[in-house]
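Summary of structural features
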Amino acid sequence: MQEKEKNNQAESNKNGDFDRKSDAVERLMNANKKTYQKTKTDPGRQYRSKGFLDRIPSWIKALFIKFWFNGAVCFFIFWGLGMYIPAMLDMIVIFGVVLGMVTDVLVNNALHFFAITPGSNNKWMMFPKRKFWTFFANILYSIIILAIVVYLYTAINYLLNTINGTADQLYLGVEPVAFGLLYVVVDMVFIGMKNLAIKILSDAKERQNVN
């Protein structure tokens, strides 16, 4: 009787050792089957180290990029070529063409590069998608914005002359800082109108789909 109990106990110990070994083997086999949560951000940004620029809000970076490039074009074109192009209409055309080229090639690409997610900076551009026709569209758009800025300069100086009781005195001249600010303001007014129109149309389509 005692021998039978000893045999049963030995057999149970063997079964227990076998179960423990099986559990250990199973844990070892499943050790590399971990699941990892996928990131929802732009895949290209995971290879970029987060620095000072990543902490700046997107709208500040967008407005600064526009301001800086427009001011730079004013410095190099208006100040650099002003004495060689005396006719105002010719200057507006040349100035506007260069502004449009810089917008299409440099400004928009910089905004795309600094976008946190793909397309997040499209709201700061009149023509965010790069196509063949957008190059010429940006040039025409820049000439229109530049013409409005010129009229703003005229209106501001006329208003200041009226307030101060002077005549034909130049209170606000064309220089990179003021030009960059005025150009950005007019540009963002038109872009805001475009974004509002897109939102109204999208809301109308959603209401039609619901009905």
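Summarised in this report is the structure supplied together with it. No experiment lies behind these values; they were computed from the predicted model shown.

**Let's talk about unusual backbone geometry**
- Despite not being glycine, D168 has its phi angle at roughly 55°, a positive value.
- Tracing the sequence through the fold places D168 in the loop between helix 4 (132-164) and helix 5 (176-210).

**Thoughts on the side chain of N70**
- Considering the arrangement of structural elements, one finds N70 in helix 2 (residues 58-81).
- With a relative accessible area of 4%, N70 lands in the buried category.
- N70 has contacts with L99, F179, G180, Y183 and V184, leaving out every residue within four places of it along the chain.

**Details of the nonpolar core**
- In terms of nonpolar packing, the biggest core is built from 31 residues, with F95, L99, L111, V149 and F179 touching the most fellow members.
- Elements with a minimum of two residues in this core: helix 2, helix 3 (88-113), helix 4 and helix 5.
- Residue contacts for F179: discarding those within four places in its chain leaves N70, C74, F95, L99, L146, V149 and Y153.

**Brief notes about the packing of aromatic side chains**
- For the structure on display, the rule yields 13 aromatic pairs.
- Centroid distance F132 to F136: 5.4 Å. Interplanar angle 65°. Geometry classified as edge-to-face. Linking F132 with F136, this pair stays in helix 4, spanning four residues, or about one helical turn.
- For F136, a relative accessible area of 48% puts it in the partly exposed group.
- Note on F135 and F136: the rings are 5.4 Å apart at their centroids and 90° apart in plane angle, and the pair reads as edge-to-face.
- Grouped by ring-pair contacts, the aromatic residues F78, F95, F179 and Y183 constitute a single cluster.

Thresholds applied
- Residues numbered from 1 in each chain as written.
- Predicted model: local features only at pLDDT ≥ 70, side-chain atom pairs only at ≥ 80, totals over all residues.
- Heavy atoms only, no water.
- Helix = DSSP H or I, 4+ residues; strand = E, 2+ residues; numbered from the N terminus.
- Buried < 20%, exposed > 50% of the residue type's maximum accessible area, 1.4 Å probe, protein only.
- Contact = heavy atoms within 4.5 Å.
- Core = buried A, V, L, I, M, F, W, Y, C linked by side-chain atoms within 4.5 Å.
- Phe/Tyr/Trp six-rings, centres within 6.5 Å; stacked < 30°, edge-to-face > 60°.

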